[in-house]
Amino acid sequence: MRAMVLTGHGGPDKLQMQELPDPVPKAHEVRVRVKACALNHLDLFVREGWPKLKLELPHVLGSDVAGVVDLAGAEASDLPAGTPVMVNPGVSCGACRECLSGRDNRCRGYHILGEHSRGGYAQ
Ligand SMILES: [Zn+2]
């Protein structure tokens, strides 16, 4: 897939188009063919970086994604390929006490797409 990747922290000159391997969804995940991805201020913060931010480079920014499910993992049958989606960028384990009580933002595994994992500036 083609992706606009972040090659290091700094200005827009740190962004460049690259080919990356197509992501393969885990059993409970889906892969989304991105139709649109907004520019969130988080993208600017992450691009500029901060002292304790550790990213695997190249990184893919983009937390606000809309698209169509392209491939569903074995346990994600409720979202078959072809389903239009708007992605909630908050990702959590879905199984801990905090997640099951509706406070998924308190999950130890909570993260945001485009911040600590690859986001939607890609196909
Ligand atoms: Zn959790």
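Residues numbered from 1 in each chain as written. Predicted model: local features only at pLDDT ≥ 70, side-chain atom pairs only at ≥ 80, totals over all residues. Heavy atoms only, no water.

Draft legend 1. Geometry of the overall build of the protein. The secondary structure content of the protein amounts to 2 helices and 8 strands. Its helices and strands taken in sequence order, the protein reads β-β-β-α-β-β-β-β-α-β from the N to the C terminus. At 15 Å, the protein has a C-alpha radius of gyration in line with the 14 Å of a compact globule built from 123 residues. The principal-axis extent of the C-alpha atoms belonging to the protein is close to 40 × 30 × 20 Å. A total of 123 residues make up the protein; the buried ones form 29% of that total. Pairs at least 24 residues apart make up 61% of the contacts formed inside the protein by residues separated by at least 6 positions. Just so you have it, the protein exposes about 7700 Å², and 54% of that area is on carbon and sulfur atoms. Each charge sign in the protein was given a centre, from 14 positive and 14 negative side chains, and these centres are 5 Å apart. (Helix = DSSP H or I, 4+ residues; strand = E, 2+ residues; numbered from the N terminus. Rg over C-alpha atoms; globule rule 2.2 N^0.38 Å. Buried < 20%, exposed > 50% of the residue type's maximum accessible area, 1.4 Å probe, protein only. Contact = heavy atoms within 4.5 Å. Areas by Shrake-Rupley, 256 points an atom, 1.4 Å probe, with all protein chains shown as cover. Lys, Arg positive; Asp, Glu negative; His and termini not counted. Charge placed at Lys NZ, Arg CZ, Asp CG, Glu CD.)

Draft legend 2. Examining the pairing of strand E1 (residues 2-6) more closely. Where E1 meets strand E2 (residues 15-19), 5 bridges bridge the pair, whose relative direction is antiparallel. Bridging across to E2, Arg 2 finds its partner in Glu 19. Two elements, E1 and strand E4 (residues 59-60), share 2 bridges in a ladder whose sense is antiparallel. Bridge pairing in E4 places Leu 6 opposite His 59. (Pairing = 2+ DSSP bridges.)

Draft legend 3. Region of interest: the coordination of the zinc ion. Surrounding the zinc ion are the protein donor atoms Cys 93 (SG), Cys 96 (SG), Cys 99 (SG) and Cys 107 (SG), at 2.3 Å. Donor residues for the zinc ion, ordered by position in the chain, follow C-x2-C-x2-C-x7-C. (Donors = N, O, S within 2.8 Å, 3.2 Å for Na, K, Ca; no water.)

Draft legend 4. Expanded view of the sheet that holds E1. Ordered in space as E2-E1-E4, the 3 strands form an open sheet in which the pairing is antiparallel. Across the chains shown, the open sheet's two edge strands, defined by having one partner strand only, are E2 and E4.

Draft legend 5. View of the nonpolar core. Core analysis: the biggest nonpolar cluster contains 13 residues, and Ala 3, Leu 20, Val 46 and Val 60 have the highest contact counts within it. Counting only elements with at least two residues in this core, the list comes to E1 and helix H1 (41-48). Of the residues forming this core, the biggest block, 3 residues, is contributed by E1. If we ignore the near neighbours within four places in the chain, the residues touching Ala 3 are Gln 16, Met 17, Gln 18, Leu 20, Val 60, Tyr 121 and Ala 122. (Core = buried A, V, L, I, M, F, W, Y, C linked by side-chain atoms within 4.5 Å.)

As far as function goes, none of this settles anything; it's purely spatial.
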